[in-house]
Amino acid sequence: MPPSFFPQDIIIKKRDGGALTREEITFFARGVVEGSFTDYQATALLMAIFWRGMTPQETAWLTDAMLHSGEVIDLRDIPGAKVDKHSTGGVGDKVSLILAPLAAACGLKVPMMSGRGLGHTGGTLDKLEAIPGFKVMLSVSEFRAILQKVGCAMIGQTPQVVPADRKLYSLRDVTGTVECIPLICASIMSKKLAEGIDSLVLDVKFGKGAFMKRKEDALVLARAMVDVGRAAGKPVWAQLTAMNQPLGRAAGHTTEVIESIECLKGRGPADLMEVTYALTGHMLVLGGVAKDMAAARQKMEAAIADGSALRKFREMCVAQGGDPKVVDDYKILPTAKKLLAVKAPADANGFVSEVDALKCGHAIMALGGGRAAVTDQVDHAVGIADLIKIGEPVGPGTLLCTLHINDDAKAARADLSAIASAKAEALLREAIKFTPTAPKLEPLIQDLIE
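To keep things clear, this report deals only with the structure shown in the data block.

Calculation criteria
Residues numbered from 1 in each chain as written. Predicted model: local features only at pLDDT ≥ 70, side-chain atom pairs only at ≥ 80, totals over all residues. Heavy atoms only, no water. Helix = DSSP H or I, 4+ residues; strand = E, 2+ residues; numbered from the N terminus. Buried < 20%, exposed > 50% of the residue type's maximum accessible area, 1.4 Å probe, protein only. Contact = heavy atoms within 4.5 Å. Areas by Shrake-Rupley, 256 points an atom, 1.4 Å probe, with all protein chains shown as cover. Lys, Arg positive; Asp, Glu negative; His and termini not counted. Charge placed at Lys NZ, Arg CZ, Asp CG, Glu CD. Salt bridge = Lys/Arg side-chain N within 4 Å of Asp/Glu carboxyl O.

## Brief notes about the overall build of the protein
Part 1: Along the backbone of the protein there are 16 helices and 13 strands.
Part 2: Counting every position in the protein, which comprises 450 residues, the buried fraction comes to 56%.
Part 3: Taking the contacts inside the protein whose residues are at least 6 apart along the sequence as the reference set, 78% of them involve residues at least 24 apart.
Part 4: Accessible surface for the protein amounts to roughly 18100 Å². Of this, 56% is attributable to carbon and sulfur atoms.
Part 5: Taking the average place of the 52 positive charges on the side chains of the protein and the average place of its 52 negative ones, the gap between the two points comes to 1 Å.

## Brief notes about the pattern of salt bridges
Part 1: The full count for this structure, using the stated rule, is 29 salt bridges.
Part 2: Here K205 ties to D93 by a salt bridge, and the two come within 3.8 Å at their closest N and O atoms. One end of the pair, K205, is in strand β4 (residues 199–206); the other, D93, is in the loop between β1 (83–87) and α5 (95–105), and 112 residues separate them in sequence. Assigned by exposure class, K205 and D93 land together as buried.
Part 3: Two residues, E195 and K192, come together in a salt bridge whose shortest N-O distance is 3.2 Å. You'll find E195 and K192 in the same group, each marked buried.
Part 4: Look at the salt bridges and you will find they share partners, linking D84, K192 and E195 into a network.

So, in structure tokens, the structure goes:
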């Protein structure tokens, strides 16, 4: 049957469970950008894909069509292996801020296009913008120049890159079609392949604070993205990481920037460094600057110990307009007006058995540190620090976390701000649970798909 180039015929074909041709998928992606596929027709096809799914071949074709809907950055003239990392998101996941300068210090070029936070998960761009002056919206020529000079650049998606995804993502967000593995896969991989990378490492989260709640679903997504990378001729490895409790001891924007810099100074929390070393190590092996993970670990630990990773972070700040003094003086960052110590109740005794990442994320949103809609402004100063971890002992008055609060975080009136603070504290108390005996700790990193 020849391909149809009428939107309604393509919609009907997928609605009835048919597989679309490459030409039909390309027509769809181009039509979304040019307007020949109206918003309501695009939404109808997205819903049909949501219910009927896509074959691996269709998913690869959709990724390729979205990739070529705009500019594909060519970095071949820049020496060195170009390797990036992408996380599907979580609470306290500030790995990119540590990983990019660390990988660059170890000899890779890291071209990283990141996103903003939505809902309970934080966005890399928002965290970087907590640094005074730091510019994330740069042109492709500026991006290339910084990558060549510094070795890493962290920017937002430019209007010329993958415009089909920008349009489709906004439609998916408001039409209940976000949770669709072929659409997630094509969205992530089209943006990453458009960066001009040689290879890619993925951190696919699962658990309470992740987009994918079940490990089984995360595995399906990981395999789909690895397959799409292979179809595009790019090596892709996907690591599966548990996200039932926040990563590290800080969540927010300023609090996460501080924790990231502390990691680059060699003072990072064990769980955060475990994930960072694993993902960066995979990048070094894929990029050919380390023969195996043991050699990669040696290079990474040396880059932290000799300060070269921290220097890369400082260089990136300067190159992107940020104040490099932030490395030495955290007061330069947006600072909350009030700190609230959340302590264990008088009857607490035993060990922490749960720190619900989703509830922690909602607590930050209550303070004004998250977005309910893409257009919302975030308060960079608010957040969580000193967060207790699963398995740690607890007794009466043990510090569970410190809330960073602004009196006017979400409201002009102080009484409404007090309500927001009380809600955040209540959510954290619900999130943290105790048990008389030490719980069995779940492995943080659980699979690697190559």
